[in-house]
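Structural characterization, general
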Amino acid sequence: MASNLCLSCVLLLLVSLLRPALGEPQRTTASQRRSARAPAAKVRLAGSFSRQPHEGRVEVLHNNTWGTVCDDEVDIKLANVVCRELGFHAGITWAHSAKYGEGEGPIWMDNVRCDGTEKSLKDCKHNGWGVNDCKHSEDLGVVCTSERRLDQSTSRGHTTLRANGSPAPQWQGVVATRRHPGYGYHGNAHSFEIPRMYRHYYPVNSKVRIEEVRLRPILMATKKKTLNTEGVVEVKHAGRWRQVCDLGWSLNSSRVVCGMLGFPEATQHNVKMYKKIWDTKVVDPSTRLSLMTKKKGFWVEKVNCLGSENSLSECQAQLSIPRSPVPCKNGRHAVVKCVPGPQFARISSGRPQAPHPVVPVRLKAGPRLGEGRVEVLRDGKWGTIVDHLWDRPAASVVCRELGFGTAKDALQGAFFGQGTGPIHMNTVQCMGTERSILDCYYQEVQPWTFKHSQDAGVRCNVPKTGTEHTVRLAGGRVPSEGRVEVLMEVGGRKRWGSVCSENWGINEAMVVCRQLGFGFAASAHQETWYWSGDPNAADVLLSGTHCVGTELSIQQCRRNNHVHCPRGGGTKSAGVTCSDTAPDLVLDAQLVQETAYLEDRPLHLLTCANEENCLSSSAARMNWPYGHRRLLRFSSRIMNLGKSDFRPKATRESWTWHQCHRHYHSIEVFTHYDLLTLNGTRVAEGHKASFCLEDTHCPDGVQKRFSCYNMGDQGISVGCWDTYRHDIDCQWIDVTDVRPGDYIFQVEVNPSMDMAESDFMNNVMRCRCKYDGHRAYMYGCHAGDAYSAETEDLFEHQGQITNNFV
């Protein structure tokens, strides 16, 4: 009975406690009412299957309705904006094709373009709310970093926090999965191991903001060298140069310093020798070092680097400890010894420049040393890299592999112009310690899935060689043009003088412009009477100059041992005009291969062609107008993939009128068409003697500006091409006298290099040609620098090569 009574009491107590919650409306406090009126979330991550909290389908709230975002034209900048809006550090990648399931409702945004600085996704540019041509099978997803920003616990009301500080389930999202820790997904939904540097992101909270770094040579042997590779580390902080304490300093930190100075690696210095110098000078109160050891403001302490950083500013460091009576107690100044890249190793010795390192990566179309479009060699073919997730750690691996330091910039969007041929790599992710870019994680690229408008580029740190102080331009209207004057050693002393303009061409001008840091050469001048040089530099000190184009200075080019210049100096000295941009002409190899055929053409239809010397010499011995010539005809499309318009060298007043074709020709010899034996002997030729350049076709959004007719302006605009159809005069090789056999068909654009380009190596196109006496077969057409030397050898001698189309 007593137990039943106790049970009844408990039930009555529970009912009384529950009654207010069930039967009466709860009163809300003022703070609760304010919270209810707080703005609702404008973006969220969703998904229709098991996913991690920091990844998912992107959904946006518009007109009180949740909708999705289409994956067209998306890049990492959009992912960064979404992730930061949700309170995360940044985006790791984005996912296309509804990887997180198809959403419901409207597709609110399409063709979203963010510059990365927006506070919210709604601030990015797009077609307009609800304006799209997408299906939910194209819904966009993103993957964010797992850590939240430390400067905020919530993201403007977009994240709900639980009592323990962790996000509520509907907003969570980590990169690593519970089943497979350390693994994540990229845009194609294939799993990959996330590099350690991406699993835990901790921003460096160093109070030291290092602006620059330099090495002060101590040893007499290092002071005499042109290239400074060894010395005491000094860093610039808050506008002042300071010493660095070696306590905690490691070879990893030295590697970072060397990378900033343009060197790929660091090595251990002679510790005993530097300790002896330190101990000797620090006890002498009159030395600079003794005074500096007592000044706290001059010391940076406890520098800790992993070795993969691009700059010392990314490492942990602090200023000298205020409470310490002696800065850098029991320590010395940090010393670094760098290893120069092979192309810089001989600068101090005075010997000829060493060859560039033979590695499976190269830079193309860069205006200055250490910059350009990145191309990698795989399976004997050179190809480009997609700029998706392209960053400085990956760019630094490329730079070090090429003998430079770390990367200053990782450039996207075909910054140095579009490449040709295959695209080898996508979503490249590096730790920063890899020996080669091919050692990094990357995704294979399926043919035709990306365009060369997304080619990645780099700008590397290069060592200060001092060569820019041994050449100058005089008399120009702007610093980037003028008469070339060089500093040479004559009779045991150095003096300034001019350069003989005999055989002075675009290659020599390119070396001078790059040496001065002015970019490409736009023109090589053989007369400079319109520029007044320094009267003290009127004597010719350099003649017979011949450059390959890759030299670091004009003094490294081949030249006469004794000055010989029949033209004389003064007003006929060499000059240059430099430019930041240049055109880049590339021939469409695929079109040549597809359009080649033989034609037996009657002589009476070849009168104009004969006037232009487009036939073999045996045509002159024929009984005109009877008989015919056998012609190997083809179409050619010459594209300008550079960053500036291609213009003829000759001015309009000197163009030649051709009565047969009824238009002006602005270039006398623009291409060479040759048929060669497998050992390189020319058996037939038919260069188009002169050309009229115009924009035959331009992509959407680009206006045609050059036209041949009515004495119009001539040239090829950026992104446009000039097409010469197979059925026009001189678009052939005269093979009347050629015997059946295997040959190499070769087309060279701008063969004399009269007009400047950012890359001359891709001006040649080659095909294998089989002629059986009745038909001609073209195969294996490719640009001249598209393959490795070994693969090109197979092409010439065995024909074992596949197509590598533009």
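Residues numbered from 1 in each chain as written. Predicted model: local features only at pLDDT ≥ 70, side-chain atom pairs only at ≥ 80, totals over all residues. Heavy atoms only, no water.

1. As for the confidence of the model for the protein
- Counting all residues, the mean pLDDT for the protein is 80, and 80% of those residues have values of 70 or more.
- Confidence drops under pLDDT 50 across residues 152–205; counting only partners more than four residues distant or on other chains, this segment forms 137 contacts.
- Counting contacts from residues 801–806, a segment whose pLDDT is below 50, to residues more than four positions away or on other chains yields 31 contacts. (pLDDT = per-residue confidence, 0-100. Contact = heavy atoms within 4.5 Å.)

2. Regarding the pattern of salt bridges
- Taken as a whole, this structure holds 35 salt bridges when the rule is applied.
- A salt bridge links Asp785 to Arg362; its shortest N-O distance comes to 3.7 Å. With Asp785 in the loop between β41 (776–783) and α13 (789–797) and Arg362 in strand β16 (residues 361–364), this residue pair connects regions lying 423 residues apart in the sequence. Pair check on accessibility: Asp785 and Arg362 agree, each one buried.
- Note that Arg459 is salt-bridged to Glu371, the shortest N-O span being 3.2 Å. Of the two residues, Arg459 is situated in strand β22 (residues 457–460) and Glu371 in strand β17 (residues 371–378); the sequence distance between them amounts to 88 residues.
- When its relative accessible area of 21% is taken as the criterion, Arg459 is described as partly exposed. (Salt bridge = Lys/Arg side-chain N within 4 Å of Asp/Glu carboxyl O. Helix = DSSP H or I, 4+ residues; strand = E, 2+ residues; numbered from the N terminus. Buried < 20%, exposed > 50% of the residue type's maximum accessible area, 1.4 Å probe, protein only.)

3. Overview of the packing of aromatic side chains
- Across all of its chains, the model carries eight aromatic pairs by this definition.
- The interplanar angle of 50° and the centroid separation of 5.9 Å between the aromatic rings of Phe646 and Phe670 together place this pair among those described as tilted. Of this pair, Phe646 sits in the loop between β32 (636–640) and β33 (656–658) while Phe670 sits in the loop between β34 (663–665) and β35 (671–676), placing them 24 residues apart in sequence.
- Given the relative accessible area of 1%, Phe646 is considered buried.
- Ring-pair connections join several aromatic residues into one group, and the members of that group are Trp529, Tyr530 and Trp531.
- The positively charged end of Arg44 is found above the aromatic ring belonging to Trp66, 4.0 Å away from the centroid.
- The side chain of Arg472 reaches across the aromatic face of Trp496, ending 4.1 Å from its centre. (Phe/Tyr/Trp six-rings, centres within 6.5 Å; stacked < 30°, edge-to-face > 60°. Lys NZ or Arg CZ within 6 Å of the ring centre and 35° of its normal.)

4. Overview of the side chain of Asn426
- Position of Asn426 among the secondary structure elements: in strand β20 (residues 423–429).
- Residue contacts for Asn426: discarding those within four places in its chain leaves Val386, His388, Tyr442, Gln443, Val445 and Phe450.

5. A few points about the sheet that holds strand β38 (residues 732–734)
- Spatial ordering of the open sheet is given by β30-β31-β38, a layout of three strands whose pairing is antiparallel. The strands lining the two open edges of the sheet, one partner per strand, are β30 (597–602) and β38. Neighbour to neighbour, the strand axes of the sheet diverge by 35° on average, direction disregarded.
- Summarising the sheet, β30 and strand β31 (residues 628–633) pair through six bridges and their orientation is antiparallel. Bridge pairing in β31 links Glu599 to Leu631. (Pairing = 2+ DSSP bridges. Axes fitted to C-alpha atoms, helices over the stretch in contact; angles between N-to-C directions.)

6. Focus on the state of the cysteines
- If you walk through the whole model with that rule in mind, you get 13 disulfides.
- At a sulfur-sulfur separation of 2.1 Å, the disulfide partner of Cys258 is Cys338. One quick way to see it: the torsion about the S-S bond of Cys258 and Cys338 is about -90°, and its sign makes the bridge left-handed. Within this pair, whereas Cys258 is found in helix α6 (residues 251–260), its partner Cys338 is found in strand β15 (residues 335–339), the two being separated by 80 residues in sequence.
- By relative accessible area, Cys338 is classed as buried at 4%.
- Cys767 provides the cysteine sulfur closest to Cys769, a residue in no disulfide bond, and the two sulfurs are 8.3 Å apart. (Disulfide = S-S within 2.5 Å.)

7. Notes on the sheet that holds β32
- If you walk across this open sheet you meet the three strands as β29-β32-β37, and the pairing is antiparallel. If you trace the sheet from one side to the other, it starts and ends with β29 (585–587) and β37 (721–724), each paired once. Across the sheet, the mean angle from the axis of one strand to that of its neighbour is 20°, orientation sign disregarded.

8. Observations concerning the nonpolar core
- If you look at the biggest cluster of nonpolar residues, it comprises 47 residues, and the most contacted ones within it are Val233, Val257, Leu312, Ile385, Trp390, Val428 and Ile437.
- Beyond its immediate stretch of four places on either side in the chain, Leu312 contacts Ile210, Val213, Val235, Ser253, Val256, Val257, Met260, Val303 and Cys305. (Core = buried A, V, L, I, M, F, W, Y, C linked by side-chain atoms within 4.5 Å.)

9. Regarding the environment of Arg242
- Structurally, the position occupied by Arg242 is in strand β11 (residues 240–244).
- Put simply, Arg242 and Leu319 are 77 residues apart on the chain and 9.7 Å apart in space, counted from C-alpha to C-alpha.
- A distance of 3.3 Å separates a polar atom in the side chain of Arg242 from the backbone oxygen of His237. (Polar contact = N/O pair within 3.5 Å; in protein donor to acceptor, adjacent residues only side chain to side chain.)

10. Describing the side chain of Thr528
- Relative to the helices and strands, Thr528 resides in the loop between β26 (520–525) and β27 (540–542).
- Residues contacting Thr528, with those up to four places away along its chain left out, are Arg483, Gly570, Thr571, Ser573, Ala574 and Gly575.

11. With respect to α6
- Burial runs high along α6: eight of the 10 residues are buried.
- Three or more residues of α6 are buried, namely Ser253, Ser254, Arg255, Val256, Val257, Cys258, Gly259 and Met260.
- Of the surrounding elements, those touching the buried residues of α6 are β9 (210–216), β10 (230–237), β12 (265–267), β13 (299–304), β15 and α9 (392–401).
- Downstream of α6 by one or two residues, Gly262 has phi in the positive range, about 95°.

12. Here we look at unusual backbone geometry
- Cis geometry marks the peptide bond from Trp624 to Pro625, where omega comes out at 0°.
- Within the secondary structure layout, Pro625 lies in the loop between α12 (607–611) and β31.
- One non-glycine residue, Ala365, lies in positive phi territory at about 65°.
- Relative to the assigned elements, Ala365 resides in the loop between β16 and β17.
- One non-glycine residue, Asp379, lies in the positive phi region at around 55°.
- Structurally, the position occupied by Asp379 is in the loop between β17 and β18 (381–385).
- Looking at Asp379, the relative accessible area reads 75%, which means it is exposed.

13. Description of helix α3 (residues 76–85)
- When you tally the buried positions in α3, you get eight out of 10 residues, the bulk of the element.
- Of the residues making up α3, those classed as buried are Ile76, Leu78, Ala79, Asn80, Val81, Val82, Cys83 and Glu85.
- Against the buried residues of α3 lie β1 (43–46), β2 (55–62), β4 (91–95) and β6 (141–144).
- One or two steps after α3, the chain reaches Gly87, where phi turns positive at roughly 95°.

14. Things to note about the pairing of β10
- Most of β10 is tucked away: seven of the eight residues are buried.
- Summarising the sheet, β9 and β10 pair through six bridges and their orientation is antiparallel. Residue pairing for β10: Ile210 is matched across the bridge by His237.
- With four bridges connecting them, β10 and β11 associate as antiparallel partners. Residue pairing in the sheet places His237 in a bridge with Arg240 of β11.
- Taking the residues between adjacent antiparallel strands as the criterion, β10 and β11 are bridged by two residues, where Ala238 takes a positive phi near 55°.

15. Side note on the pairing of strand β3 (residues 65–69)
- The pairing of β2 with β3 spans four bridges and is antiparallel. Note that in β3 the partner of His62 across the bridge is Thr65.
- The antiparallel hairpin formed by β2 and β3 contains two residues in its connecting segment, where Asn63 sits at a positive phi of about 55°.
- In this sheet, strand β5 (residues 107–109) lies alongside β3 in parallel orientation, the contact comprising two bridges. Looking at the pairing, Val69 lines up with Met109 of β5.

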